[in-house]
Structures are given as C-alpha cells and as structure tokens.
Amino acid sequence: ELARHSLERALALDEHDACTLADLANVLRLSGDLNAAERNYRRALSIDTNLKSARIGLAALLDARQRGEEAIALLKPLLGARPCESALKEAVRILDRHGKHLEAIRLSESFLARHPANAEAHACLGFLLLKRELDAEAALEHFARAAIARGTDCELLANRGIALQDLGQVDEAIANYEAALQLNPNFHLARFHRGLARLLVGDYALGWPDYEFRLMSEGKPKPAFRAPRWSGQECPEGTVLVYAEQGIGDEIMFASCIPEVIQRCKRVVIDCAPKLAPIFSRSFPEASVHGGI
C-alpha cells in the first residue's frame, strides 16, 4: 500500500512516465487487482513499447489469466538479437507450465547458441533437464556453468540440491538446501526439499516440520476451499476431510494413517484420485470416499 500510494503521487506529477506506470502495475498485480494492473501495463507500453519490465509483468499477468499464447507473443520481441534474461526466464516458466517443455528447451538452447556463457539460460536449461527430462547429471553441468557465470543464488543451490538428491547424494543435497536457506531463510521450496531429503534418511524429527513447507512452495496443489486444519486431536462430534494433495503414490503411502483418523473422529470424508476410490472404499468402509481429484 505504501508503494502504491507513492507511485500514484508520482504519476500525478507525470502521468506519462512509463516506468512508473509499470511499477504501479507490478504493485497492483501483486496485490491481486489484475484489471487495474493490466490497464497500467498497457498504458506503459503505449508510451514505450519496448519497456522490458512492462512486457514481462504483463506476460506474467496474462499467463495467470490462462492466456499463455498472448503472454509468449508479448515476450518474443525481447528474445531476439539482444535477448533479455528476465524475459527468457518468464517465457520458459510459461511454456513449461503449459506442458510445452520441449519448446522451452529449444528456446534455452537457442539462447545459449548465441550466448554460450549466459547464466540464466544455463539455469533454465538445467531446470528443464532435471524436472522434465529427468537427467540430473546433465542438469548439474548447466547449474555449474550458471554458477561460474554469476555465482550461486538460492534458487540455483536448491535446484542443485534436487539434482544431487535424485542421484542419491543426500548429504550433499541437504548441504545445498541449507546453503540456499542461509541466503534466503524464507525460500520455502528449499525447506520443502530439505524435508524430503531428511525423511529419506529417516530424520523424522527435522524432516516433518520442513515437509510442512510444501503448502507454501510455489506450484504445489492447494485445496479449493477454506477450512481449519485438523491437528490430530480427538474429534468425536466433528467431520474431518482427508484430501489428496500430490500424487497417487503419496495417497497410497499416507493412507496408512487413515485408520487412526477414523478412530479419533466421528465422521471422515476421503477425497482421492478416482482410480483409488474403489480400493479406498473397501479398505475404509467407515469413511465416506469420493473419487473427485
């Protein structure tokens, strides 16, 4: 709110300042006022069509509104002869989110063909190789080149940790997560993956608290409803909803906890993957099972 107030005062003095319009649009987007944000991004671009911050911000907004193709088209002018690293990162994120990771890989490789030492392109390509091609060794090579070009940052350290964990080097992975958290203690993704690594080696006392940060990590599924979380207490008169959160493997693994939930609660409703509903219905006849995920 303080930023918005200051930027609006600045625009009252000069309503044609494209940079200030883009900054205000960013503030409005982050505060959830997407309509006003889009208007200000477009006003900024009508004054300066090449303003990078306005193009990238508007692309992120359009993608959030499920207009990915428009977003990519907006970024393309920034990916030409003199490409913008921030535009590359946003384009890769959008393409990957829409299931076009091969196109994102080609874009990163094309960028590297022109700028072989570019840190952001190596970081983007490493992420895609790690997460979509499942090639942790190749990903580590690109992360190393990115680190040489710009030094390490929390995101790069966390992704390096994930790659090392995939290769079975759990101690080294945890060290990278902790290095990332030293740089940014609020980097929830690093805490979540550190939790996975700790659980993997049986360190449950430290692993479970870290695992809670999956609920705050970007990209993790969130329930489409608002209700208080159950903390495990006896609930003889209430209803507890157990809902699927990640993948089918997690649903099967954590289903071992459901009998204890049923013991403590009067009524239990289970919302699971449709293909698991028949077996869960047979396994937990005391619960109401719905295959709605």
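Notes on the structure follow. Because the structure is a prediction, the values reported are computed rather than measured.

## Observations concerning the pattern of salt bridges
For step 1, the next point in the chain: Scanning the entire structure with this criterion turns up 21 salt bridges.
For step 2, the next point in the chain: The closest approach of N and O atoms between Arg-93 and Glu-90, which form a salt bridge, is 2.5 Å. Of this pair, Arg-93 and Glu-90 are both found in helix H6 (residues 85–97), three residues apart, which corresponds to roughly one turn of the helix.
For step 3, the next point in the chain: Classification of Arg-93 as partly exposed rests on a relative accessible area of 31%.
For step 4, the next point in the chain: What makes Glu-90 buried here is its relative accessible area of 13%.
For step 5, the next point in the chain: In this structure, the salt-bridge partner of Lys-266 is Glu-237, at a minimum N-O distance of 3.8 Å. In this pair, Lys-266 sits in strand S2 (residues 265–271) while Glu-237 sits in strand S1 (residues 235–243), placing the two residues 29 residues apart along the sequence.

## Examining the packing of helix H11 (residues 170–183) against helix H12 (residues 188–200)
For step 1, the next point in the chain: As a packed pair, H11 and H12 sit with axes 9 Å apart at the nearest point and diverge in direction by 155°. In terms of orientation, H11 and H12 fall into the roughly antiparallel class. Helix-helix and strand crossings are classified by hand; for H11 and H12 the assignment is left-handed. Seen from H11, the contacting residues are Val-170, Ile-174, Tyr-177, Glu-178, Ala-180 and Leu-181; seen from H12, they are Ala-190, Arg-191, His-193, Arg-194, Ala-197, Arg-198 and Leu-200.

## A word on H12
For step 1, the next point in the chain: Between its first and last C-alpha atoms H12 spans 18 Å; for 13 residues at 1.5 Å apiece the expected length is 18 Å, and the two agree.
For step 2, the next point in the chain: Looking at the buried residues of H12, the elements they touch are helix H8 (119–131), helix H10 (154–166), H11 and helix H13 (204–211).
For step 3, the next point in the chain: With its phi angle positive at about 85°, Gly-202 sits one or two positions after the end of H12.

## Notes on the side chain of Thr-20
For step 1, the next point in the chain: Structurally, the position occupied by Thr-20 is in helix H2 (residues 18–30).
For step 2, the next point in the chain: With sequence-adjacent residues up to four places away left out, Thr-20 is seen in contact with Leu-7, Ala-10 and Leu-11.

## Remarks on the sheet that holds strand S3 (residues 288–290)
For step 1, the next point in the chain: Pairing in this open sheet of three strands is parallel, and the strands run S1-S2-S3 from one edge to the other. Where the open sheet ends on each side, the last strands, each with one partner, are S1 and S3. Across this sheet, the average inter-strand angle for adjacent strands is 10°, counted without regard to direction.
For step 2, the next point in the chain: Judged from the three bridges that link them, S2 and S3 form a sheet pairing that is parallel. Within S3, the position partnered with Val-269 by the bridge is Ser-288.

## Overview of the packing of H12 against H13
Helix packing for two helices is described by the angle between their axes and how far apart those axes are.
For step 1, the next point in the chain: Running from N to C, H12 and H13 point in directions that differ by 150°, and their axes come no closer than 7 Å. Classified by the angle their axes make, H12 and H13 are roughly antiparallel. The way H12 lies across H13 gives a crossing that is left-handed. Of the residues in H13, those touching H12 at Arg-191, Phe-192, Arg-194, Gly-195, Leu-196, Arg-198 and Leu-199 are Tyr-204, Leu-206, Gly-207, Trp-208, Asp-210 and Tyr-211.
For step 2, the next point in the chain: Its residues assigned to classes, the contact of H12 with H13 comprises seven nonpolar, two polar and four charged.

## Here we look at the packing of aromatic side chains
For step 1, the next point in the chain: As enumerated under the stated definition, the model contains five aromatic pairs in all.
For step 2, the next point in the chain: Their ring planes at 85° and their centres at 5.7 Å tell us that Trp-208 and Tyr-211 sit as a pair that is edge-to-face. In this pair, Trp-208 and Tyr-211 are both assigned in helix H13, three residues apart and thus about one turn of the helix distant.
For step 3, the next point in the chain: The exposure class assigned to Trp-208 is partly exposed, which follows from its relative accessible area of 38%.

## Some words on H10
For step 1, the next point in the chain: Under the 1.5 Å per step criterion, the end-to-end length of H10 is 18 Å for 13 residues, consistent within 8% with the ideal 18 Å.
For step 2, the next point in the chain: Across the 13 residues that make up H10, a large majority, 10, are buried.
For step 3, the next point in the chain: Of the positions making up H10, those classed as buried are Cys-154, Leu-156, Leu-157, Ala-158, Asn-159, Gly-161, Ile-162, Ala-163, Leu-164 and Gln-165.
For step 4, the next point in the chain: Tucked inside the fold, the buried residues of H10 contact H8, helix H9 (136–150), H11 and H12.
For step 5, the next point in the chain: In this structure Asp-153 caps H10, since a side-chain oxygen of it lies 3.2 Å from the backbone nitrogen of Glu-155.
For step 6, the next point in the chain: One or two steps after H10, the chain reaches Gly-168, where phi turns positive at roughly 85°.

Scoring rules and cut-offs
- Residues numbered from 1 in each chain as written.
- Predicted model: local features only at pLDDT ≥ 70, side-chain atom pairs only at ≥ 80, totals over all residues.
- Heavy atoms only, no water.
- Salt bridge = Lys/Arg side-chain N within 4 Å of Asp/Glu carboxyl O.
- Helix = DSSP H or I, 4+ residues; strand = E, 2+ residues; numbered from the N terminus.
- Buried < 20%, exposed > 50% of the residue type's maximum accessible area, 1.4 Å probe, protein only.
- Axes fitted to C-alpha atoms, helices over the stretch in contact; angles between N-to-C directions.
- Parallel < 35°, antiparallel > 145°, perpendicular 65-115°, else oblique.
- Left-handed = near helix turned anticlockwise from the far one by under 90°.
- Contact = heavy atoms within 4.5 Å.
- Expected span 1.5 Å × (residues − 1).
- Pairing = 2+ DSSP bridges.
- Nonpolar A, V, L, I, M, F, W, Y, C, P; charged D, E, K, R; others polar.
- Phe/Tyr/Trp six-rings, centres within 6.5 Å; stacked < 30°, edge-to-face > 60°.
- Polar contact = N/O pair within 3.5 Å; in protein donor to acceptor, adjacent residues only side chain to side chain.

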